Amino acid sequence: MDRKPLIAGNWKMNTDAASSAALAREVLQRTGRLRSVDVAVFPPFPLIPAVLRVLDGSAIGVGGQDLSAEAEGAFTGEVSATMLTSLGCGYVLVGHSERREYHLESDELVRRKVGRALDAGLVPIVCVGEKLAERDAGETFARVERQVRVGLDGLTAAQMARVVIAYEPVWAIGTGRTATPAQAEEVHEFIRNLLASMFGSDVAAATRILYGGSVKPGNARELMSQKDVDGALVGGASLSGEGFAAIAENAG
Ligand code: 13P
C-alpha cells in the first residue's frame, strides 16, 4: 500500500500578521513544486486568512490547530469547524498533547471534535502519545490504545479513511530528544494493527500515521524511512522555511 507522505507544520503560538505571511511565502517557494509529498501548515487562528492569501491556488494545505466540539453558539473564545472550512482550511489538528495538558482535553472530547471536523469536511489529524512517566512505567501501548480507541470510537470505515493520526511522544516534543526510528516504528506498527482490528485491514493500510517530536532536517529521513511512518508533524523546525522544506524533501 502506497501512502503519500504528509508533512505538517504546527506553528503553535508563534508568528504575527507580517511574519506568518512571510513564512508562508517561503514555504510556498521552497515546497510548492514537491509532488510526491503533501504539505500543510497550521498557523494560529487569527493568522489563517493572511496565510491563505499567500497559499491560495497552491497545493499547500492550511489547517487550524484546534476546533470546538460544539457547532456554534455561546462558547466564548471557541472556533468552529465551519469557520475553518469557510475560510478555506482543509485540515485541523485534534487532541494535540499541549491541548490535552494545558486545557485538560480528554479522549472523549477528542472524539467529539473528530466528529465535528469530519462533518464539516475537514481532515482531522488526531494526535496521540504517551508521557515520559507512562513510557518509563511500561504503559506506552496501553495509553496510545486508549487514545486511539476512544478518540476514534464508532467512526465508519468511510469516515476513518479521511483521518490522519500523529504519534507524538510527549517526552520528545520541544525537547530535542527524538524517538529513535525503532521506537517510533514500534508504536506506529502497533497503531496500524489496532486500526486493522477496529476498521479492517484496508483502512488500516491506507491510514497515514505521522511522527512528531523534535523532527529536524537531520533526523527526518531515517524516521520517515520506517515502514509505518508516513510523514511528520513538525513544531519548532517548521518555523524556518528552509528547515521545513528540507524535512519535506526528505519524505518523498
Ligand atoms: P517539536 O517539533 O517542536 O518537538 O514539536 C512537535 C509538535 O508538537 C508538533 O505538533
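My aim in this report is to walk through the structure given alongside it, one point at a time. Throughout this description, residue numbers start from 1 for each chain and increase along the sequence as written. Where totals are concerned, whole chains, interfaces and linings use all residues; where local detail is concerned, this predicted model gives features only for residues with pLDDT of at least 70, and gives and counts side-chain atom pairs only at 80 or more. Computation of side-chain values: all heavy atoms of the structure, hydrogens and water removed.

1. Overview of the environment of Arg143
Secondary structure follows DSSP: runs of H or I at least 4 residues long count as helices, runs of E at least 2 residues long count as strands, and numbering of each begins at the N terminus. By secondary structure assignment, the location of Arg143 is in helix H7 (residues 140-151). Taking the C-alpha atoms as reference, Arg143 lies 7.4 Å from Gly129; in sequence the two are 14 residues apart. Every residue pair with non-hydrogen atoms within 4.5 Å of one another is taken to be in contact. If we skip the residues at most four places from it in the chain, Arg143 touches Arg100, Asp107, Gly129, Glu130 and Glu134. We define a polar contact as two N or O atoms separated by no more than 3.5 Å, with the added condition that, inside protein, one atom must be a possible hydrogen donor and the other a possible acceptor, whereas residues neighbouring each other in sequence contribute only through side-chain atom pairs. Polar side-chain contacts of Arg143 include one of 3.4 Å to the side chain of Glu134.

2. Let's talk about the site of the ligand
In the region of the ligand, the neighbouring residues are Asn10, Lys12, His96, Glu168, Ala172, Ile173, Gly174, Gly213, Ser214, Leu233, Gly235 and Gly236. The backbone of Gly174 places a nitrogen or oxygen atom 2.6 Å from an oxygen atom of the ligand. Contacts to the ligand include Gly235, whose backbone N or O atom sits 2.9 Å from an oxygen atom. Accessible surface area values rest on a Shrake-Rupley calculation with a 1.4 Å probe, where residue burial reflects the displayed protein chains alone. Burial of the ligand by the protein amounts to 96% of the accessible area it has alone, namely 310 Å². In these notes, residues near a molecule or strand are those with any non-hydrogen atom within 4 Å of it.

3. Observations regarding the state of the cysteines
Disulfide: a covalent bond connecting the sulfur atoms of a pair of cysteines. Our working definition of a disulfide is a cysteine sulfur pair at a distance within 2.5 Å. Across all of its chains, the model carries zero disulfides by this definition. Unpaired in this structure, Cys89 has its nearest cysteine sulfur neighbour in Cys127, at a distance of 16 Å. According to the relative accessible area criterion, Cys127 is buried, its value standing at 2%. Throughout, exposure labels follow a simple rule: accessible area from a 1.4 Å probe, protein chains only, divided by the maximum for the residue type, with under 20% read as buried, over 50% as exposed, and the rest as partly exposed.

4. So, the packing of aromatic side chains
Only rings of Phe, Tyr and Trp enter the pairing, Trp through its six-membered ring, and a pair is recorded when the two centres are within 6.5 Å. The plane angle decides the type: under 30 degrees is stacked, over 60 is edge-to-face, the rest tilted. If you walk through the whole model with that rule in mind, you get three aromatic pairs. Their ring planes at 45° and their centres at 4.7 Å tell us that Phe141 and Phe190 sit as a pair that is tilted. Highlighted residues: Phe141 in helix H7 and Phe190 in helix H9 (residues 181-199), separated in sequence by 49 residues. Owing to a relative accessible area of 34%, Phe141 belongs among the partly exposed residues under this scheme. For Phe190, a relative accessible area of 22% corresponds to the partly exposed category.

5. Quick look at the pattern of salt bridges
Take a side-chain nitrogen of Lys or Arg and a carboxyl oxygen of Asp or Glu: if they are within 4 Å of each other, that pair is a salt bridge. Taken as a whole and assessed by the stated rule, the structure comprises 24 salt bridges. Of the charged contacts, one joins Arg30 and Glu26 as a salt bridge, the two residues approaching to 3.0 Å between their closest N and O atoms. Taken together, the positions of Arg30 and Glu26, both in helix H1 (residues 17-31) and four residues apart, correspond to about one turn of that helix. The class of Glu26 is partly exposed, set by a relative accessible area of 28%. Residues Asp228 and Lys227 are paired through a salt bridge, measuring 2.6 Å at the closest nitrogen-oxygen approach. Judged by its relative accessible area of 4%, Asp228 is buried. Exposure remark for Lys227: the relative accessible area of 54% places this residue in the exposed category. The network of salt bridges with shared partners includes Arg3, Glu185, Glu189, Arg192, Lys227, Asp228 and Asp230.

6. Some words on the nonpolar core
In terms of nonpolar packing, the biggest core is built from 64 residues, with Ile7, Leu152, Met160, Ile165, Ile191, Leu195 and Tyr211 touching the most fellow members. Counting twelve residues, the second-largest nonpolar core is a separate cluster that includes Phe42, Ile125, Val164 and Leu210. Note on terminology: a nonpolar core comprises buried Ala, Val, Leu, Ile, Met, Phe, Trp, Tyr and Cys residues joined through side-chain atoms within 4.5 Å.

7. What to know about the packing of H7 against H9
Here the axes come from fitting lines to C-alpha atoms, over the contacting stretch only for helices, and the angles between their N-to-C directions go from 0 to 180 degrees. Where H7 meets H9, the closest approach of the two axes is 11 Å, and the angle between their N-to-C directions is 40°. Taken together, the axes of H7 and H9 are oblique relative to one another. Once H7 is placed against H9, the crossing between them reads as right-handed. Where H7 abuts H9, its residues Thr140, Phe141, Val144, Glu145, Val148 and Arg149 lie against Glu186, Val187, Phe190, Ile191, Leu194, Leu195, Ser197 and Met198. We call two directions roughly parallel when the angle between them is under 35 degrees, roughly antiparallel when it is over 145, roughly perpendicular when it lies between 65 and 115, and oblique otherwise. When the near helix sits turned anticlockwise from the far one by under a right angle, the crossing is termed left-handed; a clockwise turn instead gives a right-handed crossing.

8. Points about the environment of Ser201
Within the fold, Ser201 resides in helix H10 (residues 201-206). In this structure Ser201 comes out as exposed when scored by relative accessible area, which is 54%.

Just distances and angles here, no functional claims.
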